[in-house]
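# Working through the structure, step by step
For reference, the chains in residue letters:
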Amino acid sequence: AALKMQLDTKLFGQHLAKDVVLKAVMGFSNNPSPKKPLTLSLHGWAGTGKNFLSQILAEHVHPAGLRSKFVHLFLSTLHFPHHDQLKLYKEQLQNWIRGNVSACPHSVFIFDEMDKMHPGLIDAIKPFLDYYEQVDGVSYRKAIFIFLSNAGGDLINKAALDFWTSGRHREEIQLKDLESMLSVGIFNNKNSGLWHSSLIDRNLIDYFVPFLPLEHRHVKMCVRAEMTARGYAVDENVVQAVADEMTFFPKEQKIYSDKGCKTVQAKLDIHEDI
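Under an unreviewed UniProt entry, the protein chain has the name Torsin-1B and belongs to Balearica regulorum gibbericeps. Per UniProt, the protein chain carries the Sequence similarities (unreviewed entry) text "Belongs to the ClpA/ClpB family. Torsin subfamily."

This brings us to the side chain of Glu113. As for its position among the elements, Glu113 is in the loop between β3 (108-112) and α6 (126-129). Summary of buried charges: Glu113 has no salt-bridge partner, and the nearest side chain of opposite charge, Lys116, is 4.8 Å away. Setting aside residues up to four positions removed in sequence, Glu113 forms contacts with Leu75, Ser76, Thr77 and Leu148.

What follows deals with the domain arrangement of the protein chain. Domain annotation for the protein chain reports domain 1 (1-212) and domain 2 (215-271). In this assembly, 11 residues from domain 1 lie in contact with 16 residues from domain 2. Together domain 1 and domain 2 conceal approximately 1100 Å² of surface at their shared face, both sides included; 68% is due to carbon and sulfur atoms. Summed over the three residues of domain 1 that lose the most area to domain 2, namely Phe12, Trp164 and Arg170, the buried surface amounts to 44% of that side. The tally of links between domain 1 and domain 2 comes to 2 salt bridges. Put simply, Arg217 and Glu171 hold a salt bridge, and the shortest N to O gap is 3.8 Å. At the boundary of domain 1 and domain 2, one finds 2 residue pairs in polar contact (both at pLDDT 80 or more). The residue inventory of the side of domain 1 that touches domain 2, partitioned by class, reads 6 nonpolar, 3 polar and 2 charged.

Now for the sheet that holds strand β5 (residues 207-210). Backbone-to-backbone hydrogen bonds join strands into a sheet, with any given pair of strands oriented parallel or antiparallel. The 5 strands are arranged β2-β3-β4-β1-β5 in an open sheet whose pairing can be described as parallel. In this open sheet, the two strands that pair with only one neighbour each are β2 (71-75) and β5. For this sheet, the mean angle separating the axes of adjacent strands, direction not counted, is 15 degrees. In terms of strand pairing, strand β1 (residues 38-43) meets strand β4 (residues 144-149) through 6 bridges, oriented parallel.

What follows is about the state of the cysteines. Applying the stated criterion across every chain yields a total of 1 disulfide. In this model Cys222 forms its disulfide with Cys261; the gap between the sulfur atoms is 2.0 Å. With the S-S bond torsion at 85 degrees, the cross-link from Cys222 to Cys261 turns out right-handed. One end of the pair, Cys222, is in helix α10 (residues 216-229); the other, Cys261, is in the loop between β7 (256-257) and α12 (264-270), and 39 residues separate them in sequence. Here Cys222 matches Cys261 in class, with each residue buried.

The end-to-end C-alpha separation of helix α2 (residues 15-29) is 21 Å, in line with the 21 Å expected for 15 residues at 1.5 Å each. Buried residues of α2: Leu16, Ala17, Lys18, Val20, Val21, Leu22, Ala24, Val25 and Phe28, and no others. Elements in contact with the buried residues of α2: α1 (2-10), β1, α3 (50-61), β4, α8 (175-187) and β5.

Buried residues dominate β1, accounting for 6 of its 6 residues. Here β1 shows a buried face lined by Leu38, Leu40 and Leu42 and a second buried face lined by Thr39, Ser41 and His43. Bridge analysis of β1 against β5 gives 4 bridges, and the strand direction is parallel. When the sheet's bridge partners are listed, Ser41 is paired in β5 with Phe208.

As a further point, take the nonpolar core. The biggest cluster of nonpolar side chains holds 69 residues, and the ones touching the most others in it are Ile97, Phe111, Ile122, Ile125, Phe145 and Phe147. In terms of residue count, α2 provides more of this core than any other element does, 8 residues in total. Each of domain 1 (1-212) and domain 2 (215-271) gives at least three residues to this core. Apart from residues no more than four positions distant in its own chain, Phe111 is found in contact with Phe74, Leu93, Ile97, Met117, Ile122, Ile125, Phe145, Ile146, Phe147 and Leu148.

Procedures and definitions
- Residues numbered from 1 in each chain as written.
- Predicted model: local features only at pLDDT ≥ 70, side-chain atom pairs only at ≥ 80, totals over all residues.
- Heavy atoms only, no water.
- UniProt positions renumbered as here; feature names shortened; annotations may be inferred.
- Helix = DSSP H or I, 4+ residues; strand = E, 2+ residues; numbered from the N terminus.
- Buried < 20%, exposed > 50% of the residue type's maximum accessible area, 1.4 Å probe, protein only.
- Lys, Arg positive; Asp, Glu negative; His and termini not counted.
- Salt bridge = Lys/Arg side-chain N within 4 Å of Asp/Glu carboxyl O.
- Contact = heavy atoms within 4.5 Å.
- Domains from an automatic or database assignment.
- Buried area = accessible area lost by both parts, 1.4 Å probe.
- Polar contact = N/O pair within 3.5 Å; in protein donor to acceptor, adjacent residues only side chain to side chain.
- Nonpolar A, V, L, I, M, F, W, Y, C, P; charged D, E, K, R; others polar.
- Pairing = 2+ DSSP bridges.
- Axes fitted to C-alpha atoms, helices over the stretch in contact; angles between N-to-C directions.
- Disulfide = S-S within 2.5 Å.
- Expected span 1.5 Å × (residues − 1).
- Core = buried A, V, L, I, M, F, W, Y, C linked by side-chain atoms within 4.5 Å.

Structure below.
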């Protein structure tokens with residue numbers, strides 16, 4: 001209930017992601033003996049809420065969230081920068097995950113910037129995501145793995161635009177409309193971090209979660225939420241002014257924000273004097 005309330009009040013325009021993640025996490029949490037760790041792959045353009053959702057999810061498992069010693073965030077460009085160090089990274093990653101799950105079976109691992117990860121690196125964690133009761137005496141079945149990626153965003157945006165063009169509501173878009181297309185697209189995308197990955201091949205990713213591009217109204221929701229978070233009274237003139245400064249695509253229709261809600265905080269800073 002707490003997770004649902006947080007998602008309802010803080011994550012805008014993502015009915016699919018909200019629904020899928022909520023069901024997945026509830027099912028996993030309520031299962032006393034899961035057969036494998038929960039593995040989610042979140043896809044969509046920047047600013048659509050992938051990081052935000054993963055943080056809310058981490059806080060649901062460990063109240064300190066990203067500050068918890070049981071929640072681990074990996075950034076591809078920071079932690080795995082050099083292609084010629086691949087073998088070393090694989091060993092480090094395996095040792096890090098093994099050590100942390102030994103200390104806490106409910107560990108959460110978040111891999112950000114998956115689209116910048118060297119192909120093949122993520123396959124190092126395959127044994128931990130598989131249907132094994134134990135690997136070298138350690139059970140990984142209660143851990144959660146989350147991948148965040150911009151890869152597949154263009155496929156999701158095209159599907160959303162097709163719905164819009166045909167006069168259908170974005171809320172009508174269902175997971176089945178996108179998931180298989182997304183998994184195939186990611187598998188065949190050299191810049192996805194999951195290119196020809198055994199994690200997809202062996203069906204070890206439980207859900208490919210699409211994040212839809214945000215419309216004008218969703219950007220306004222983000223502005224209102226940010227104003228409230230800063231303790232301001234919500235001023236619709238400011239909300240409109242901030243939304244108007246964002247850029248939208250496609251060029252002609254201008255339906256979707258090309259940065260999602262990513263620059264809302266910075267844009268609001270400019271209007272603080274109001």
